[in-house]
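These are the residues of each chain, in order.
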Amino acid sequence: MEEIQFEVGQYVVYGNNGICVVDSIEPMSFAAEMPKEMYYVLRQNRNRATCFFVPLKNESLTSKMREPMQKEDIEDMLMGLSDEDVKWVADRRNRVEYFKSILHEGVN
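These notes cover the structure that comes with them. All of these numbers come straight from a predicted model, not from anything done at the bench. (Residues numbered from 1 in each chain as written. Predicted model: local features only at pLDDT ≥ 70, side-chain atom pairs only at ≥ 80, totals over all residues. Heavy atoms only, no water.)

Quick look at the sheet that holds strand β3 (residues 37–44) now. Strand order across the open sheet formed by 5 strands is β4-β3-β2-β1-β5, with antiparallel pairing between neighbours. The strands lining the two open edges of the sheet, one partner per strand, are β4 (51–55) and β5 (65–66). Alignment of strand β1 (residues 11–14) against β5, held across 2 bridges, turns out to be antiparallel. Bridging from a neighbouring strand, V13 pairs with R66 of β5. (Pairing = 2+ DSSP bridges. Helix = DSSP H or I, 4+ residues; strand = E, 2+ residues; numbered from the N terminus.)

Set out below in structure tokens:
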């Protein structure tokens, strides 16, 4: 059986989709001929109508789920940025990708 890393009611960040709550963990099948497998059912916090279905056995998708940062961690990261020289990227698309990488990996 797949390992359950998150619990019902827990808040998670899912990729670039923002904060979600684990609404349920249940067996599902999206095609009649396919066997049921366990899924996280995530509801987006800012738009409760938006729902994501994440199969527990799909490591690529479950790796996009993480716990939200705590206030202290965010403050430490922001204070650490004052010592860093964050470069400005002129091209908008490249800038978006650069800042996304900072959010996911930290300052390069």
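That covers the picture; the talk isn't over yet.
A word on the side chain of Q44. Along the chain, the position of Q44 falls in strand β3. The contacts of Q44, once residues within four sequence positions are left out, are N17, I19, C20, T50 and F52. (Contact = heavy atoms within 4.5 Å.)

With that settled, the discussion passes to the pattern of salt bridges. Inspection of the entire model under this criterion finds 2 salt bridges. Its salt-bridge partner being D23, residue R43 comes within 3.4 Å of it at the nearest N-O pair. A residue pair is termed long-range when its members are at least 10 positions apart, and R43 in strand β3 and D23 in strand β2 (residues 19–28) qualify at 20 residues. A residue is classified by how much of its surface remains accessible, and R43, at 26% relative accessible area, is partly exposed. Residue D23 is classed as partly exposed on the basis of its relative accessible area, which comes to 33%. A salt bridge links E75 to K71, with the shortest nitrogen-to-oxygen separation between them at 3.9 Å. Residue E75 and its partner K71 are both found in helix α2 (residues 71–81); the two are separated by 4 residues, about one turn of the helix. (Salt bridge = Lys/Arg side-chain N within 4 Å of Asp/Glu carboxyl O. Buried < 20%, exposed > 50% of the residue type's maximum accessible area, 1.4 Å probe, protein only.)

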